[in-house]
Amino acid sequence: MKYMNSEVKEERTSNKKRIDLFLVPIVLIAAFLNLFKIWTDEYANAYYTAAVKSMLQSFHNFFYASFDPGGYVTIDKPPVVFWIQTISAKIFGFHGWSVILPQALAGIGSVLLLYVLVKRTFGVWAGRFAALAMALTPIVPAVSRTNNIDSMLVFTLLVATWMLFRAVRTAKFGWVLAAFAMIGVAFNMKMLQAYMVLPAFYVFYVVATKITWKKKIAFLTTATALMLAVSVSWAVVVDSTSADKRPYMGSSQTNSVLELAFGYNGINRLTGNTSVTGSSHKQPAQTEQQTASSETKQNSNSSADSSQSSNQRKSSSSQKMQAPGGGNQNGMFNTGNPGLFRLFQKGLSDQISWLLPFVIFSIVGLFAGVKFKGPYTTKQKESLFWLAWLLPVAVFFSIAGFFHQYYLIMLAPPIAAFAGAGAVALWSMYKQHNGWKSWLLPGGILTTAALQVYIMSPYVSSIGVAPIAGVGALGVILALVLAIRKQRKNSLANYLGAAAMVVLLAMPAYWAMTPIIYGGNSMLPSAGPDSSSGMGGPPSTATNSKQSGFNGMQPPGSSSGNSSSNNQMQPPSGSSNNSQMPNSFSSKSSSSKRKSGGMNAEVNQKLLNYLTKNNTGEKYLFATTDSTSAAPYIIKTGKPVMAMGGFSGSDPILTVSKLKAMIKKGEVKYFYLSGMGKGGQSDVITWIKENSKEIPSSKWQSTSSSAQQGPSGNGTLYEITLK
């Protein structure tokens, strides 16, 4: 902290060095948090891993991001991140870690980029603190350790930010075009989520550039046009291709990328209305909410006592999670309830909000004395950029009806930037005895410590009282001592300031390590003592299971003893009687590798042997209702498995007449079913059951004791042959 007073001299010195020695341990910390033990996650998010397996097999599958090797349906996201994952798997071989690696490296890259972005304007110490805050924000490594998209998305947006800052510094229009084109690339990673930073880009360019308004409007209009062109480039190609020459666009209702972008992956995320054909219900996320809830209660021990205990936890937690009227007391996906203070609620605060009070005090300090009409310093302009990133994204997550905890990584860059820049600014104000502004540092420390105590309090049974009391007591003591000694000039204040930063980052650092300590969940990543559950909530809604299954579902063809614990899930369409999705993996506590992708352990080998032996040239090994049952067999065999209703089973892909034609062509004859199908699938499922012969379970059903009992119970294998 004592070096902050000679910040300019420090920066000049550091610029002469090739490597900032203080940055090295920060990068090593980020590398450890993002990379350590990713090789133990065998399947990652199996839905996406199956797609990579399929994309490795042909350029057709690669270009369209096909979920299955047969090119029947795509995944529910654009392809850019999965192109990168496929290239990684091609280079290093197909493994869980090879599809995770690009995201882990992106997480490390984001730390370095934030250091570069903040250091240039706010000083080297600000850059160091910002990089460290980014590395230790719990949701950042939690997401980066999976093959989900968001880590790569944030890295891409930070690259675009670097280009924009460079455009302003150099006054070169080419960098403006590059920055907005990069946002277009990010759109092809996760669609409209990439546009959440646009307010920051527009505001910053307007305020920071010294050109006429006419040129500003012309340049921004041209850059925006380029961004839109890059954004829809892949979508236009796909949507203009004949439907019979490409896979169905997964999770869309009209087989359109643009409908997926602006509907399911767009406006519906804000409204929470993601109803699908065949259902009038809203919020399909009820499925995944209950999915995640079931995951949190999974226990891989196969003993009767463990099974009974697990079932009791399921019942108890189900009652806790369900609020009157079908709601959730902690919100959908444990994301709290919409409102002004949502980011401070359980389930979200421990993922992203540890430093928010300090950030608020930093914003006050950085903008103190700023006049609306300007002129603005470079620091104020870049502070405005980070504020214009932070506020709209925070507002979205405060009111949105449908999102997952790991989306909060979008808030990590501005929070980390303000934490770094603010630490230096508030320290300077404190040391200079700058009136009321000198109180901002102790005030920020005190309120931040208080929030951290609040965040940790629901976890007292997991982490004990000592860390909570320690952070609270040290925060109060350090803030009070700094306040008391405010008018004194001595070196003790330097150590007090440094100690305060250590205290405020200690528990975020621990939380960031929890995916390593307790195991992570690649389907619904979150941080915390229950990180393997994918819920990111306090122990009342989750257990500290190191391995978790998707919905606790039972592998196709497995039998399990206790069916009384079965719980019906709400499907994405919101209907309640058609969500039975059998899992194709079962958990083995003795396994040397975690299979945390929501589908744990092995394929039912007896079923696979039967299907392989009796395949007479059909294109598809078998068909099933959704991706949950299909993914593990695709990963295991590389053979086409038809997820008739796409990811959740609710996509209106098949009709009875189309299925008849496929059967007559010899493309498929075996069907594994559990339940009645979802959305527009019920008539197809009914027809299959009425026109097939049931295969005796003794021929294909496993009796392995490792099989988990899930809400779907046992499915049925059918065979249909038509002439």
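What you see as residue numbers is a count from 1 along each chain, following the sequence as written. Per-residue local features of the predicted model are confined to residues with pLDDT of at least 70, and side-chain atom pairs are confined, for both listing and counting, to 80 or more; whole-chain, interface and lining totals are unaffected and use all residues. Hydrogens and waters are ignored; side-chain quantities use all the structure's heavy atoms.

**A short note on the overall build of the protein**
Counting its secondary structure elements, the protein contains 27 helices and five strands. Here the term buried applies to any residue with accessible area under 20% of the maximum for its type, exposed to any over 50%, and partly exposed to those in between, with areas from a 1.4 Å probe on protein chains only. Counting every position in the protein, which comprises 723 residues, the buried fraction comes to 62%. Here the analysis covers contacts within the protein between residues at least 6 apart in sequence; of these, 74% occur between residues at least 24 apart. For the accessible areas, the method is Shrake-Rupley and the probe is 1.4 Å, while residue cover comes only from the protein chains on display. Put simply, the protein shows about 26,300 Å² of open surface, and 61% of that area lies on carbon and sulfur atoms. Secondary structure counts use DSSP, requiring at least four H or I residues in a row for a helix and at least two E residues in a row for a strand, with both numbered from the N terminus. Contacts were defined at the residue level, with two residues in contact if any of their heavy atoms lie within 4.5 Å.

**Quick look at helix H7 (residues 124–136)**
Each helix should span, by expectation, one fewer than its residue count multiplied by 1.5 Å. For H7, with 13 residues, the first-to-last C-alpha span of 18 Å sits near the 18 Å given by 1.5 Å per residue. Taking burial as the measure, the 13 residues of H7 include 13 buried ones, the bulk of the element.

**What to know about a nonpolar patch on the surface**
Without a salt bridge and with relative accessible area above 30%, a residue can belong to a patch; like charges are then joined within 9 Å and nonpolar side chains (Val, Leu, Ile, Met, Phe, Trp, Tyr) within 5 Å. Salt bridges are defined by distance alone: a side-chain nitrogen of Lys or Arg within 4 Å of a carboxyl oxygen of Asp or Glu. Together, Ile 19, Leu 21, Val 24 and Leu 28 make up an exposed nonpolar region whose accessible area comes to about 400 Å². Summarising the element assignment, Leu 21 is placed in the loop between helix H1 (7–16) and helix H2 (23–35). What makes Leu 21 exposed here is its relative accessible area of 63%.

**Focus: the nonpolar core**
Ranked by internal contacts, the top residues of the largest apolar core, which has 200 residues, are Phe 67, Phe 397, Leu 411, Met 644, Phe 671 and Ile 688. With 14 residues, helix H19 (residues 412–431) is the single largest residue contributor to this core. Once residues within four sequence positions are removed from consideration, Leu 411 is found in contact with Leu 343, Ile 352, Leu 390, Val 393, Ala 394 and Phe 397. Residues grouped as a nonpolar core are buried Ala, Val, Leu, Ile, Met, Phe, Trp, Tyr and Cys residues, joined through side-chain atoms within 4.5 Å.

**Examining the side chain of Asp 20**
Considering the arrangement of structural elements, one finds Asp 20 in the loop between H1 and H2. On the basis of relative accessible area, Asp 20 is assigned to the buried category, the value being 10%. The definition of a polar contact used here is a pair of N or O atoms within 3.5 Å, where within protein one atom must be able to donate a hydrogen and the other to accept one, and adjacent residues in sequence count solely through side-chain atom pairs. A polar contact of 3.0 Å, which involves the side chain of Asp 20, links it to the backbone nitrogen of Phe 22. Among the polar contacts listed, one links the side chain of Asp 20 to the side chain of Arg 128, at a separation of 2.8 Å. Not counting residues up to four positions away in its chain, the partners in contact with Asp 20 are Tyr 115, Val 124 and Arg 128.

**Details of the sheet that holds strand S3 (residues 670–673)**
By definition, two strands form a pair when at least two bridges between them are found by DSSP. Spatially, the five strands line up as an open sheet ordered S2-S1-S3-S5-S4, and their pairing is mixed. Looking at strand neighbours, the two that pair on one side only are strand S2 (642–643) and strand S4 (693–694), the edges of this open sheet. Pairing geometry for S3 and strand S5 (residues 716–719), over four bridges, is antiparallel. The residue bridging Leu 673 from the neighbouring strand is Thr 716, located in S5.

**A short note on the packing of helix H17 (residues 356–367) against H19**
Where H17 meets H19, the closest approach of the two axes is 8 Å, and the angle between their N-to-C directions is 60°. With respect to each other, H17 and H19 are oriented oblique. The chirality of how H17 crosses H19 is left-handed. Contacts between H17 and H19 involve Leu 356, Phe 358, Val 359, Phe 361, Ser 362, Ile 363, Gly 365 and Leu 366 on the former and, on the latter, Ile 415, Phe 418, Ala 419, Ala 421, Gly 422, Ala 423, Ala 425, Leu 426 and Met 429. Helix axes are fitted only over the stretch in contact, all axes being lines through C-alpha atoms; the angle between N-to-C directions runs from 0 to 180 degrees. For classification, angles of less than 35 degrees are called roughly parallel, those exceeding 145 degrees roughly antiparallel, those between 65 and 115 degrees roughly perpendicular, and all remaining angles oblique. Each crossing gets its hand from how the near helix is turned against the far one by less than a right angle, where anticlockwise is left-handed and clockwise is right-handed.

**Re unusual backbone geometry**
One non-glycine residue with positive phi stands out, namely Ala 44, at about 55°. Structurally, the position occupied by Ala 44 is in the loop between H2 and helix H3 (46–55). Classification of Ala 44 by relative accessible area gives buried; the value is 0%. We note that Ala 171 has phi near 60°; this positive angle belongs to a residue other than glycine. Within the secondary structure, Ala 171 is located in the loop between helix H9 (150–170) and helix H10 (173–190).

**A few points about the environment of Ile 663**
Inspection of the secondary structure assignment puts Ile 663 in helix H26 (residues 656–664). Sequence separation between Ile 663 and Thr 721 is 58 residues, and the spatial gap between their C-alpha atoms is 6.6 Å. Sequence-distant contacts of Ile 663, that is, excluding residues within four places in its chain, are made with Val 668, Phe 671, Trp 687, Ile 720, Thr 721 and Leu 722.

**Observations regarding the confidence of the model for the protein**
What pLDDT expresses is the predictor's confidence in each residue, scored from 0 to 100. The predicted model of the protein averages 82 in pLDDT, with 76% of residues at 70 or higher. Low pLDDT, under 50, characterises residues 540–555; the stretch is placed with 96 contacts to residues that sit more than four places away or in other chains. Below a pLDDT of 50 lies the segment residues 705–713, which in the model reaches 44 contacts outside its immediate sequence neighbourhood of four places, other chains included.

**Here we look at the environment of Ala 512**
Along the chain, Ala 512 falls in helix H23 (residues 492–517). By relative accessible area, Ala 512 is classed as buried at 0%. Along the sequence, Ala 512 and Val 140 sit 372 residues apart, while their C-alpha atoms lie 7.8 Å from each other. Setting aside anything within four residues of it in sequence, one finds Ala 512 in contact with Leu 33, Leu 136, Pro 138 and Pro 141.

**Some points on the side chain of Arg 246**
The topology assignment puts Arg 246 in the loop between helix H12 (213–240) and helix H13 (257–271). Charge assignment: positive for Lys and Arg, negative for Asp and Glu; neither His nor the chain ends contribute. With no salt bridge to any partner, buried Arg 246 finds its closest opposite charge in Asp 239, at an N-O distance of 4.4 Å. A distance of 2.8 Å separates a polar atom in the side chain of Arg 246 from the backbone oxygen of Val 238. Only 3.0 Å separates the side chain of Arg 246 from the backbone oxygen of Asn 255, close enough to count as a polar contact. Residues in contact with Arg 246, not counting those within four places in the same chain, are His 60, Tyr 64, Gly 71, Val 238, Asp 239, Thr 241 and Asn 255.

**What about the pairing of S3?**
Of the two faces of S3, the one holding Tyr 670 and Tyr 672 and the one holding Phe 671 and Leu 673 are both buried throughout. Alignment of strand S1 (residues 623–624) against S3, held across two bridges, turns out to be parallel. Its bridge partner lying in S3, Ala 623 is registered against Phe 671.

**Considering the packing of H7 against H19**
Each pair of packed helices gets described by two things: the angle between the helix axes and the distance between those axes. Their axes nearest at 7 Å, the elements H7 and H19 cross at an angle of 145°. In the crossing of H7 with H19, the sense of the turn from one axis to the other is right-handed. Contact residues: Trp 125, Ala 126, Phe 129, Ala 130, Ala 133 and Met 134 in H7; Ala 412, Pro 413, Ala 416, Ala 417, Ala 419, Gly 420, Ala 421, Ala 423 and Val 424 in H19. Among the residues forming the contact of H7 with H19, the class breakdown is 14 nonpolar, one polar and no charged. For this classification, the nonpolar set comprises Ala, Val, Leu, Ile, Met, Phe, Trp, Tyr, Cys and Pro, the charged set comprises Asp, Glu, Lys and Arg, and every other residue, Gly included, is treated as polar.

**Structural notes on the pattern of salt bridges**
Under the criterion given, the structure shown has five salt bridges. A salt bridge links Arg 128 to Asp 20, with the shortest nitrogen-to-oxygen separation between them at 2.8 Å. Taken together, the positions of Arg 128 in helix H7 and Asp 20 in the loop between H1 and H2 put the pair 108 residues apart, joining distant regions of the chain. Between Glu 719 and Lys 693 there is a salt bridge, and its shortest N-O distance comes to 3.7 Å. One end of the pair, Glu 719, is in strand S5; the other, Lys 693, is in strand S4, and 26 residues separate them in sequence.

**With respect to the packing of aromatic side chains**
We call Phe, Tyr and Trp rings a pair once their centres come within 6.5 Å, taking the six-membered ring for Trp, and we label the pair stacked below 30 degrees between planes, edge-to-face above 60, and tilted otherwise. The full count for this structure, using the stated rule, is 41 aromatic pairs. Between the aromatic rings of Tyr 47 and Tyr 48, the centroid separation amounts to 5.2 Å while the plane-to-plane angle is 40°, which identifies the pairing as tilted. Assessed through its relative accessible area of 6%, Tyr 48 is described here as buried. Geometrically, the ring pair formed by Phe 63 and Trp 234 is tilted, given 6.5 Å between the ring centres and 55° between the ring planes. Note that Phe 63 is positioned in helix H4 (residues 59–64) and Trp 234 in helix H12, a separation of 171 residues in sequence. Site record: aromatic cluster; members linked through ring pairs are Phe 165, Phe 180, Phe 201, Tyr 202, Phe 204, Phe 385, Trp 386 and Trp 389.

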